[in-house]
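Next come the chains, spelled out residue by residue.
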Amino acid sequence: MSTPIVRAIDAGYGLTKFVQDVTQDGKLICNHFPSMAVPSDPATMKSLSVRQRNTVDVMVGAASYEVGFDVLQAQTGNDVGREIGESWSRSDMYRAVMLGALHYMNLDRIDILVLGLPVNQYLSEERCSKLAQEYRGEIDLPGGRKVAIKDVVVRPQPFGGYIDSGNHIDQINEAISALRAQHKETPIAISELTGPEDLINESCVLVVDPGEHTLDWLLVDRGVINTKASGAASDSGRHRIVRDVQRAIEKDLDRQINPANLPRINEALRTGSPLKLGGQLVDLSRYATVVAQSVADPISRLIEGLRGLEDRIDIIMVVGGHPEIYERALKERFPFTPVVVLRDSLYANVRGFQRMGEALAGAK
């Protein structure tokens, strides 16, 4: 009997994260590319470049889209290439990036595929069922290849981060110890954890996942998700921050900036690098106040969404592609609660999804 093949994809509004491979010793090889799909170039045009773009053309219905690691190089000022909204998981662009992720996995069979949805969309049983059905069965891939997917499991995106947090007990304990040292005059309620079982059996954990468009949160009390106190705030993710920084730059430069530059502003904020814009270098650190103001309202909406249960929280986990901004805001709002950004947090959800799928495969 062959070993079950498990893979995970977290196709967010901004980035598509996925488990590309698993080594023989069980190490996960994760990767990501922008959640963008632009109309394909003719193949003859691509071949004119000195270096070919690391992208792939996928067919969605009758339309051909280019997706992948270098998709930003295929973008023009008129090709925004994104879709943000409640219909994301049913859109052609979602289908395109999903096909891209499956292509890069280079498999012809997957026994269990684990997918994530924003919390507010996951609460719709019909949406989850349709998404699972959409990717169950034989899927056509570029180059005439196919992948047969036996079973699809859909989970709320931050739940992957919750599962993954069990592998970061040392990091959590460091945060608890640092908090106790910071507040020597005030007794801190939580003690260091002895292992992952303490998260499940003893702790009320808030997982915060700042995405591109939404700020998702999941309240997990001793291993049980409280759906009434979990949710997602729209227009509260990275897109809001990037948009506000764009407006501030426009004001300083006294001119409009094409929306095609938004992903470049986003990447410059992630890396802390200056932004190249119209021949100028723009230092984005000068917009720290703008960024802090962009985050303040989403954090307030999160706290309102906890419905009065914020005082129960023992640990706050932060996952996602650039969570440090939200980490600072959460520490200000929850000064006596450890706030932990999981290591390599960009892949926290897919790592957790992968381990979840492997456990399901083992149980079966």
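As shown above, the structure is provided for reference.
This structure is a prediction, so every number in the text was calculated from the model and none was measured. (Residues numbered from 1 in each chain as written. Predicted model: local features only at pLDDT ≥ 70, side-chain atom pairs only at ≥ 80, totals over all residues. Heavy atoms only, no water.)

A.B. asks: When you look at the overall build of the chain in this model, what are you seeing that I'm missing?
C.D. replies: Secondary structure summary: the chain contains 12 helices and 17 strands in total. Over its C-alpha trace the chain gives a radius of gyration of 21 Å, about what one expects of a compact globule, namely 21 Å for 364 residues. Here the C-alpha coordinates of the chain stretch approximately 70 × 65 × 35 Å along the principal axes. Within the chain, contacts between residues at least 6 apart in sequence are counted, and of these 66% link residues at least 24 apart. Approximately 17,000 Å² of the chain is accessible, and the part contributed by carbon and sulfur atoms is 48%. Side chains of the chain carry 41 positive and 48 negative charges; the gap between the two charge centres is 2 Å. (Helix = DSSP H or I, 4+ residues; strand = E, 2+ residues; numbered from the N terminus. Rg over C-alpha atoms; globule rule 2.2 N^0.38 Å. Contact = heavy atoms within 4.5 Å. Areas by Shrake-Rupley, 256 points an atom, 1.4 Å probe, with all protein chains shown as cover. Lys, Arg positive; Asp, Glu negative; His and termini not counted. Charge placed at Lys NZ, Arg CZ, Asp CG, Glu CD.)

A.B. asks: Just checking my understanding: could you explain the packing of helix H8 (residues 238–253) against helix H9 (residues 262–271) for this structure?
C.D. replies: The geometry of a pair of packed helices is captured by two quantities: the angle between their axes and the separation between those axes. Contact geometry of H8 with H9 gives a least axis separation of 9 Å together with a crossing angle of 100°. Accordingly, the angle class assigned to the pair H8 and H9 is roughly perpendicular. Residues Arg-238, His-239, Ile-241, Val-242, Arg-243, Val-245, Gln-246 and Ile-249 of H8 form the contact with H9, whose participating residues are Leu-262, Ile-265, Asn-266, Leu-269 and Arg-270. In terms of residue class, the contact of H8 with H9 is made up of seven nonpolar, three polar and three charged. (Axes fitted to C-alpha atoms, helices over the stretch in contact; angles between N-to-C directions. Parallel < 35°, antiparallel > 145°, perpendicular 65-115°, else oblique. Nonpolar A, V, L, I, M, F, W, Y, C, P; charged D, E, K, R; others polar.)

A.B. asks: Help me out: how do you make sense of the pattern of salt bridges in this one?
C.D. replies: Think of it this way: side chains of opposite charge can pair up when their charged atoms draw near. Overall, the coordinates contain 21 salt bridges when judged by the stated rule. Here Asp-235 and Arg-243 are joined by a salt bridge, their closest N and O atoms 3.1 Å apart. Taking relative accessible area as the criterion, Asp-235 reaches 25% and is therefore assigned partly exposed. Between Arg-247 and Asp-244 there is a salt bridge, and its shortest N-O distance comes to 3.8 Å. (Salt bridge = Lys/Arg side-chain N within 4 Å of Asp/Glu carboxyl O. Buried < 20%, exposed > 50% of the residue type's maximum accessible area, 1.4 Å probe, protein only.)

A.B. asks: Is there a simple way to explain the sheet that holds strand E6 (residues 63–68) in this structure?
C.D. replies: One key point about sheets: their strands pair by backbone hydrogen bonds, in either a parallel or an antiparallel sense. If you walk across this open sheet you meet the three strands as E4-E6-E5, and the pairing is antiparallel. Every other strand in the sheet has two partners, leaving strand E4 (38–39) and strand E5 (55–60) as the edge strands with one partner each. Across two bridges, E4 lies against E6 in antiparallel orientation. Within the sheet, the bridge partner assigned to Val-38 lies in E6 and is Glu-66. (Pairing = 2+ DSSP bridges.)

A.B. asks: Any chance you could explain the pairing of strand E9 (residues 146–156) here in plain terms?
C.D. replies: For a regular strand, side-chain orientation follows a simple rule: the groups alternate between the two sheet faces. Direction of pairing for strand E7 (residues 109–117) relative to E9: parallel, over a ladder of eight bridges. Across the sheet, residue Ile-110 finds its bridge partner in E9, namely Ile-149. With four bridges connecting them, strand E8 (residues 137–140) and E9 associate as antiparallel partners. Paired with Gly-137 across the bridge in E9 is Ile-149. From the end of E8 to the start of E9, which pair antiparallel, there are five residues, and Gly-143 there has a positive phi angle of about 75°.

A.B. asks: Explain empty space enclosed by the protein here, please?
C.D. replies: Over the atoms, a rolled probe matching the size of one water molecule traces out where space is still vacant. For the structure shown, the criterion picks out one cavity of 30 Å³ or more. Estimated volume of the largest cavity: approximately 250 Å³. Lining the largest cavity we find 26 residues, and of these Lys-17, Asp-209, Pro-210, Gly-211 and Glu-212 sit closest to its centre. Taken together, the elements giving at least two residues each to the lining of the largest cavity come down to strand E1 (6–11), strand E2 (15–22), strand E10 (204–210) and helix H12 (348–363). Looking at the lining of the largest cavity, its residues break down into nine nonpolar, 10 polar and seven charged. (1 Å grid on protein atoms, 1.4 Å probe; cavity = no way out; pocket = protein on both sides within 12 Å on 5 of 7 lines; lining within 4 Å. Points joined across faces, edges and corners; volume = space filled by probe spheres on them.)

A.B. asks: Just to check I follow, could you spell out the packing of aromatic side chains for this structure?
C.D. replies: We describe a pair of aromatic rings using the distance from one ring centre to the other and the angle between the two ring planes. All told, the structure shown has nine aromatic pairs when counted by the stated rule. Seen in terms of ring centroids, Trp-88 and Tyr-94 are 5.4 Å apart; in terms of plane orientation they differ by 90°. Their pairing is edge-to-face. We note that Trp-88, like Tyr-94, is buried. An aromatic cluster of three or more residues is present, and its members are Tyr-13, Trp-88, Tyr-94 and Tyr-135. (Phe/Tyr/Trp six-rings, centres within 6.5 Å; stacked < 30°, edge-to-face > 60°.)

A.B. asks: Before we go on, may I ask you to explain helix H5 (residues 157–165) in this structure?
C.D. replies: Owing to its 3.6 residues per turn, the α-helix aligns residues three or four sequence positions apart on the same side. H5 sits mainly inside the fold: eight of its nine residues count as buried. Of the residues making up H5, those classed as buried are Gln-157, Pro-158, Phe-159, Gly-160, Gly-161, Tyr-162, Asp-164 and Ser-165.

A.B. asks: Quick question: what am I supposed to make of the sheet that holds E9 here?
C.D. replies: Here six strands make up an open sheet; going across it, the order is E3-E2-E1-E7-E9-E8 and the pairing mixed. Unpaired on one side and paired on the other, strand E3 (28–34) and E8 mark the two borders of the sheet. Looking at each pair of strands side by side, their axes are set apart by 35° on average, direction ignored. H5 contacts E1, E7 and E9 of the sheet and is inclined by roughly 85° relative to E9.

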